[in-house]
Amino acid sequence: GKSQGPSEKMAPPGPRPLELKAAGMDSNGAKHSRREKNAGRESWTFGNFVEGPSNFLALKSAKNLPSNPGQHSPFVIHGPSGTGKTHLLEAICHSFRKRSRRGPIISMTADQFTSQYVEALRGGGMPSFRQKYSNIGLLALDDIHYLAGRNSTQIELLQLIDVLLRQGCPMVFTCDKAPEQL
């Protein structure tokens, strides 16, 4: 066969760089759906969270939430990418599912929330959109920094937060910046 020059060398077998997985791609570089990306999240618990000096307080506080729902709400976990914010969020949801009988747990990204909100606006489904969030046991929104510049979505979320606070519903948010920087 044809010999390969230096620029035509095959990549060694094995996993692709992390950037592909972070961008929603599998080891072959193919995109996969959000459902596939989230498939293993139900196993993200407090028990398999890697504790360290930089996240000790966040972990301790997160573990306290399910036994004291609403006491520290909204609970905001912030830090740079790759520090375990989503893992903690999912661990909180997992713990609430095991302990709480308050109502359904809604866990989604801020982008998913925005998409549902825009769809409800366009389709005239705002009453059902708002009804979805009534009488819930926990609201968990990942990556709320994506709401920057989306004023209408921010207003809707703030109204929802007010309603949930009055109901005593716990809320957990993650973001890559401190809340005052959003």
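Residues numbered from 1 in each chain as written. Predicted model: local features only at pLDDT ≥ 70, side-chain atom pairs only at ≥ 80, totals over all residues. Heavy atoms only, no water.

The next subject is the overall build of the protein chain. Across its full length, the protein chain carries 7 helices and 4 strands. In sequence order, the protein chain lays out its α and β elements as α-α-α-β-α-β-α-α-β-α-β. Burial status across the protein chain gives 35% buried among its 182 residues. Sequence separation of at least 24 residues holds for 72% of the intrachain contacts in the protein chain that already meet a minimum separation of 6. As displayed, the protein chain has an accessible area near 11300 Å², and 53% of this comes from carbon and sulfur atoms. (Helix = DSSP H or I, 4+ residues; strand = E, 2+ residues; numbered from the N terminus. Buried < 20%, exposed > 50% of the residue type's maximum accessible area, 1.4 Å probe, protein only. Contact = heavy atoms within 4.5 Å. Areas by Shrake-Rupley, 256 points an atom, 1.4 Å probe, with all protein chains shown as cover.)

Averaged over all residues, the pLDDT of the protein chain equals 77, while 76% of them reach at least 70. By mean pLDDT, helix α1 (residues 18-22) is the weakest element of the protein chain at 27, and strand β3 (residues 138-142) is the strongest at 96. Scored below 50 in pLDDT, residues 1-39 makes 21 contacts in the model with residues more than four places away or belonging to other chains. (pLDDT = per-residue confidence, 0-100.)

In summary, the side chains of a regular strand alternate between the two faces of the sheet. What you see with strand β1 (residues 75-78) is a clean split: F75 and I77 sit on the buried side and V76 and H78 on the side with no burial. Here 4 bridges tie β1 to strand β4 (residues 171-175), and the two strands are oriented parallel to one another. Looking at β4, one finds that V76 is bridged to F173. (Pairing = 2+ DSSP bridges.)

Over its 14 residues, helix α5 (residues 110-123) runs 20 Å from end to end, which matches the ideal 20 Å to within 8%, given 1.5 Å per residue. Regarding α5, the residues found buried are A110, F113, T114, Y117 and A120. Along the long axis of α5, the arc covered by the buried residues comes to 130°, so they all point the same way. For α5, the exposed residues lying more than 90 degrees away from the buried face are E119, R122 and G123. Those residues of α5 hidden inside the fold are in contact with β2 (105-109), α6 (126-132), β3 and α7 (151-167). Immediately downstream of α5, the backbone of G124 shows phi near 70°, a positive value. (Expected span 1.5 Å × (residues − 1). Arc of directions from axis to C-beta.)

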